Structures are given as structure tokens and as C-alpha cells.
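# Structural overview
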Amino acid sequence: MELILAAEQPLPILPHLDELVLGVVAFAILLFLLWKFAVPRFETLYEERTDAIEGGLKRAQETQEQADRLKKEYEEQLAGLRAEAARIRDDARAEGQQIKAELREEAEAEAARIKARGEEQVAASRDAAQRALRSEVGGLSVQLAERLLREQLADDSRRSATIDSFLGELDQQGVAQRSGAN
């Protein structure tokens, strides 16, 4: 009899049919609500996230390409600036050499001018000294002649003629001495 009694009682593992139906209906409602509201929201978030990631990657790639272009332009500009700097240095060197040559020419011309002026001054001084010496020698020779001859040369024309003849003799002696020295 015990077996019969056990058959009449429901098994404790199996749920009641009411609970089973209520669980299935509640699950269906929950599934419907999830499908209606949560899944579209998840889909929207997933698409937004995917777009953000793909857009970010695309923007990163575009930014990288732009950076590469800017780097290439910068390198080209830098190469151009280096070439320009080299050209400017070469121009400056050439201009410096030209200025140096011009200054050297000016200095040489100035030195030649100073030398010529100095030679002219020396020649003028020599001529003045010769004139002064001639007049001095002429005066001394007249005094010497007066003493030797004991006669006074009162006449200016005689005095002048005597001086000129004495200077002429001195010039001839000086020319003869210069010719003999050469």
C-alpha cells in the first residue's frame, strides 16, 4: 500500500502545472519586453560604439596621413631652407671676397697716392733745399771771392753773374760726380 500512496502524491522535483504555465508566460513577457526595448537599445549602443571605434580609426588614419603629408612638406621646406642658407652663405663669402679685393685695391691705390705725394714732397723739399743751398753757397762764394780778391762787388749784376757762373761750375762738378758714381 505504500506504493500506491506514493503514486498518488506528486513528485517534489517536478513543478506544478500552474507554476510551469505562469513561469513560461512570465518568461515570454520578459523576453518580449527585452526584445522590444532592451535589444534595440543594445543594438543602437553597439552600432554607436562600432561607429565611434571605426570613425576613430578612420580619423586616426586620416590624421596620420595628414601628419605624414605635413612631415613631407616640412622636410621639403627644410631642404629648401638649407639650400637657401647654403646659397646665402656662398653669396656672403663671394661678397666678402669682393669687398676684401675692393678694399685691397683701394688700400693699394691710397698707398700709391700717398707714396706719390711723398715723393712729390721729397722732390719739392729737395728742390727747396737745393735752392736754399745754392743761394747760401752763392752768398758764401761771394764772401769768399771778396776776401780773396779784396774787392767788393758792389754792382748787383756783377754779383749775380759771379754767383751764376759759380753755381754753373758746381752743377757741372755735381753732374760729373754723379756720372762717375753710376
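Counting from 1, residues in each chain are numbered in the order their sequence is written. Reporting of local features is limited, given that this is a predicted model, to residues whose pLDDT is at least 70; pairs of side-chain atoms are given and counted only at 80 or more, and all residues count toward the totals for whole chains, interfaces and linings. Water and hydrogen atoms play no part in the side-chain values, which are based on all heavy atoms of the structure.

## Digging into the overall build of the protein chain
What the protein chain contains, in helices and strands, is 3 helices and 0 strands. Think of it this way: any DSSP run of H or I at least four residues long counts as a helix, any run of E at least two long counts as a strand, and we number them from the N terminus. Of the regular secondary structure in the protein chain, the N- to C-terminal order runs α-α-α. Within the protein chain, the fraction of its 182 residues that count as buried is 4%. A total accessible area of about 16,400 Å² is found for the protein chain, and carbon and sulfur atoms account for 59% of it. Accessibility here uses a 1.4 Å probe with only protein chains present; expressed as a share of the type maximum, an area under 20% marks a residue as buried, one over 50% as exposed, and anything in between as partly exposed. Surface accessibility in these figures is a Shrake-Rupley result with a 1.4 Å probe; residues are shielded only by whichever protein chains are displayed.

## Notes on the UniProt feature "transmembrane region" (unreviewed entry) in the protein chain
UniProt positions are given in the numbering used here, feature names are shortened, and annotations may be inferred rather than shown by experiment. UniProt records the feature "transmembrane region" (unreviewed entry) for residues 20-39 in the present numbering. Span residues 20-39 is 100% helix and 0% strand, its end C-alpha atoms 26 Å apart.

## Section: a negative patch on the surface
Patches draw on residues past 30% relative accessible area with no salt bridge. Two like charges within 9 Å are joined, as are two nonpolar side chains (Val, Leu, Ile, Met, Phe, Trp, Tyr) within 5 Å. Definition used for salt bridges: Asp or Glu carboxyl oxygen within 4 Å of a side-chain nitrogen of Lys or Arg. Under the convention used here, Asp and Glu are negative, Lys and Arg are positive, and both His and the chain ends fall outside the count. To locate a charge, take NZ of a lysine, CZ of an arginine, CG of an aspartate or CD of a glutamate. Side chains of Glu43, Glu47, Glu48, Asp51 and Glu54 sit close together on the surface and give a patch of like negative charge. For Glu43, the position within the fold is in helix H2 (residues 17-149). Judged by its relative accessible area of 42%, Glu43 falls in the partly exposed class.

## Let's talk about the pattern of salt bridges
Under the definition given, this model contains 4 salt bridges. Arg87 is the partner of Asp91 in a salt bridge, and the nearest nitrogen-oxygen pair spans 2.8 Å. Taken as a pair, Asp91 and Arg87 lie in helix H2 at a separation of 4 residues, close to a single helical turn. On the accessibility criterion, Asp91 (39% relative accessible area) is partly exposed.

## Quick look at a nonpolar patch on the surface
On the surface, Leu17, Leu20, Val21, Val24, Val25, Ile29, Phe32, Leu33 and Phe37 cluster together into a nonpolar patch covering about 900 Å² of accessible area. Note that Val25 resides in helix H2.

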